[in-house]
Structure formats: structure tokens, C-alpha cells
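Descriptive analysis of the structure
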Amino acid sequence: MALFQSTSVAAARVGMAQAAILVAITFIPVPAGWTRTQRLLASASSSQPNRADGDHHATGYYEGLIGGEAQGGRGELTLKLMGKPNGWMRFNDAGVARHLTSDFLQFELVPEMDSVLFGQRFLTNTHGMHSPEVTVEKPAKTFRIAVLGASMDMGWGVQFQNTYSHLLESWLNAHAAHQAFTSDRKFEVLNFAVAAYSPLQRLESFRRKVREFKPDLVIFSSTLLDVRLMEIHLCDMFRTKSDPTYGFLHDLIARAGISDQDRYVDPKGDLVNKERIKAKLSPYYWELYDSTVGALAGDCRTAGIPLLMIVIPRVGKDDDATVRAEPVARLKAIAGRYSLPIFDLSDTFDELDPATLEIAAWDDHPNALGHHRLFLALTHHLVTDQGRYELLFPGRKAAAEASLPPDLP
């Protein structure tokens, strides 16, 4: 059997002509407001015919987001043609995160930061959260919600005042008065999300940081890229020779057959056999996700803290209903195994023009309007779910789905 099929001269010429046309098109200046045209150029410049290719692109993007060059992502020229500003910097280059040497967590936000990230002012409080200042000690009559998540939850490309978590805090504090019932409870929503944090890093963040703030509810945000974020995190863990920390992770690495040779790091600090490690770990990622949520659920139960899972979508075609069906079903199965409530927000951006919701034609993080849509979707679930609504407002009855007004009560 031939490994390579012969190509006719005519077919080769056609292919060369098509390539030349594509290159020529990419050099045509596109007005900044032509977002649909920019998205078409993005599709033409990046092959995404299936889920695997889309995830591969996203993996490269997030690898570039948190560190070195994105492998397999769109090139600098294409990004500039799509509107990428010359002053754009990756996450680590922006100086808002600090590397943790040989540490399982790998990196964290710098406390008391006042910088610019993706053209927006980026502030952190004294505890390294992209949210308002809070004290470690919980004030009297305060109900605290801690959010564990990645870049979409942190607020990549938006000010903290526009994140869905901050909008939720403002709404909770106004809700009782709006509904004309009495409540002396104050709400704080603490945003512990960090760009590119994998589920394992979210678990570690809970153990190191969140518990100290004594939250009354933990929201674990799942994204449809979590498996890829886990892959990036584990490879970085091997590259930096960090301890796997968790017994279930040690066991999984052994069962996957990751050897000392696989973990070899060259003098330049590169993980030489990264692709081999990825291939060996690939069959185990959902099992690892399950173990991670199970560990967090166990920690929360021991501490008497309710845990809620939510599913947060990306903006654009990579999160359409057919693409997301399988991972969402897996996430719901994991939540069910640990008797956790889960709010599926993955359809939040359906039927909406992605160009109005993403921070750039080449970046599918939600903008301020996208975060507002996430806030509305999350709050819709909260006001119609009796268990969660009564947790927030004791003695009050959740709203019937059919009775909800166009805007939230």
C-alpha cells in the first residue's frame, strides 16, 4: 500500500493557485468594523473542520496565552489582519501573573496589580483576585460565594466591574429590596478564577486559598476546554518538575506509563517528549476530571460548604450544540455521581452574532456584553432553583419559570 498518493500536475497547479489567492486575500486591508469579514478570514486562515482541530487550535492559543509561542495557532500576520493590536501581550508578558517555581499551581495573579490586559484596565485586590477588595475575615451577616474558574470567569479582556461574578454580587445585594422582602444579608462574590487554570489548579486554589475565606457557597466553573487546559497544566508540571501532589494523580500517571524518559527536560527547559506524554495521558483525562471534582466535593462536604457546578461556553462556532453535546453530557454525569447541582449555561450565546459578544474577531473570550449574558443566564437558574434560591434567601420561594419577566426580578 502506498503511503503517498500521486498528484497530477493540474491538481498541483490548482492547489498552488488556491494557496496564492488565500495569501493575497490575507494582505487586503480589512476595515476595523467589518467583523464578519474578519471572522471569514480567520476561518480561511485556520483549518477547523472538526472538533479535534478546533481543540488543537485552542490548545495552541492557551499555551501562547500563558507562556511561550502558540504551536498550531494562527500566525502573527493573520492575527494582525483580524484586528490584533500591535501592543497586545500574552498573559505572562502583561505582568499580571507570577510564576511559582516547581509548584503544582504553576502561577497566580499578582496582588494589588493595576495594569492593562487586552486593552482594559486590570486590577487585582490584596489577595490576587480580579475583583473588589475584601477582608479574609468574613463580616457579620455576610454570605460569601467563591468562584473557581479559568480565563472566561476571571474576566479576560474586561474590567472586573463587568464580569458576570461581579454583576451577580450587585444583583444579589439589590434583589431582596427589588422583590419587596426583608433581608439583612450582604453578599460577596469572590473571584478566584485565573486565566488558563485547569480543574486541578482550581482544586489546589480551593485548598490553598478559598477555604481561608470561609465561603458559604463554592461555584466550580467548567469550560468545554477544560480537558485541554488539564493537558497543558500536566505538561507544565512535568516540564517544571513539580510534584503531582494528589494521590489519584500519582496513580493515574503510573497507570498511563509515564516514564522518567518521557519526563526528560533538556538544558533549555523544554519537555522533549511532550507529544508522547499527551498521547499516553489522553485516554485518562475524563477520569482525572472525575477524580478532581470528587476531591473538591469531598473537601466541601467536610467543610460544610455547598458546591455548585456551572458550564460556561466560549463564544462562536466551536461551541455549537453538536460540538458541545458530548463534553456537557460528561460534565453532567460527573456532577450526578457526586450529587452536585449543575447549571448548564452552554446555550447562552446560541442564536447570537459572535461578533457582538467576543472581545476580538480572533479571540473567543466574552466581552462585557457576553459577561452580561452569562450573568443573566446564571441568575435565571438561581431564581428558579428552589435549593439554591433558599440557600441565598432563606425562607423564600423560587420563581416559577413561566413567571419570570423579560429582565430578572
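Quick note: structure is the one above.
Residues numbered from 1 in each chain as written. Predicted model: local features only at pLDDT ≥ 70, side-chain atom pairs only at ≥ 80, totals over all residues. Heavy atoms only, no water.

Our focus in this paragraph is the overall build of the protein chain. Scanning the protein chain for helices and strands turns up 14 helices and 11 strands. Expressed as a percentage of its 409 residues, the buried residues of the protein chain come to 51%. Pairs at least 24 apart in sequence give 69% of the contacts found in the protein chain among residues at least 6 apart. Looking at the protein chain as shown, the accessible area adds up to about 18800 Å², and 54% of this sits on carbon and sulfur atoms. (Helix = DSSP H or I, 4+ residues; strand = E, 2+ residues; numbered from the N terminus. Buried < 20%, exposed > 50% of the residue type's maximum accessible area, 1.4 Å probe, protein only. Contact = heavy atoms within 4.5 Å. Areas by Shrake-Rupley, 256 points an atom, 1.4 Å probe, with all protein chains shown as cover.)

Let's shift gears to helix H7 (residues 199-208). Most of H7 sits out of view: 8 of its 10 residues are buried. Residues of H7 that are buried include every one of Pro 199, Leu 200, Gln 201, Arg 202, Leu 203, Glu 204, Ser 205 and Phe 206, and no others. Buried residues in H7 make contact with strand S2 (107-109), strand S5 (142-148), strand S7 (217-223), helix H8 (226-239), helix H9 (247-255) and helix H11 (285-303).

Our focus in this paragraph is the packing of aromatic side chains. Taken as a whole, this structure holds 11 aromatic pairs when the rule is applied. An angle of 65° between the planes, with centres 5.6 Å apart, marks the rings of Phe 104 and Tyr 246 as edge-to-face. Of this pair, Phe 104 sits in the loop between strand S1 (97-99) and S2 while Tyr 246 sits in the loop between H8 and H9, and the two are 142 residues apart along the sequence. In this structure, Phe 104 and Tyr 246 share a single accessibility class: buried. (Phe/Tyr/Trp six-rings, centres within 6.5 Å; stacked < 30°, edge-to-face > 60°.)

Here H9 crosses H11 at 170°, and the two axes come no closer than 10 Å. Here H11 runs roughly antiparallel to H9, going by the angle between their axes. Two secondary-structure elements touch here, H9 through Phe 248, Leu 249, Leu 252 and Arg 255 and H11 through Glu 287, Leu 288, Ser 291, Thr 292 and Ala 295. For the contact of H9 with H11, the class distribution of residues is 5 nonpolar, 2 polar and 2 charged. (Axes fitted to C-alpha atoms, helices over the stretch in contact; angles between N-to-C directions. Parallel < 35°, antiparallel > 145°, perpendicular 65-115°, else oblique. Nonpolar A, V, L, I, M, F, W, Y, C, P; charged D, E, K, R; others polar.)

Attention now moves to the pattern of salt bridges. Considering all chains together, one arrives at 24 salt bridges under this definition. Notably, a salt bridge pairs Glu 108 with Arg 98, separated by 2.9 Å at the nearest N-O pair. Linking Glu 108 in strand S2 with Arg 98 in strand S1, this pair joins segments that are 10 residues apart in sequence. In this structure, Glu 231 and Lys 278 form a salt bridge, with 3.9 Å as the shortest nitrogen-oxygen distance. (Salt bridge = Lys/Arg side-chain N within 4 Å of Asp/Glu carboxyl O.)

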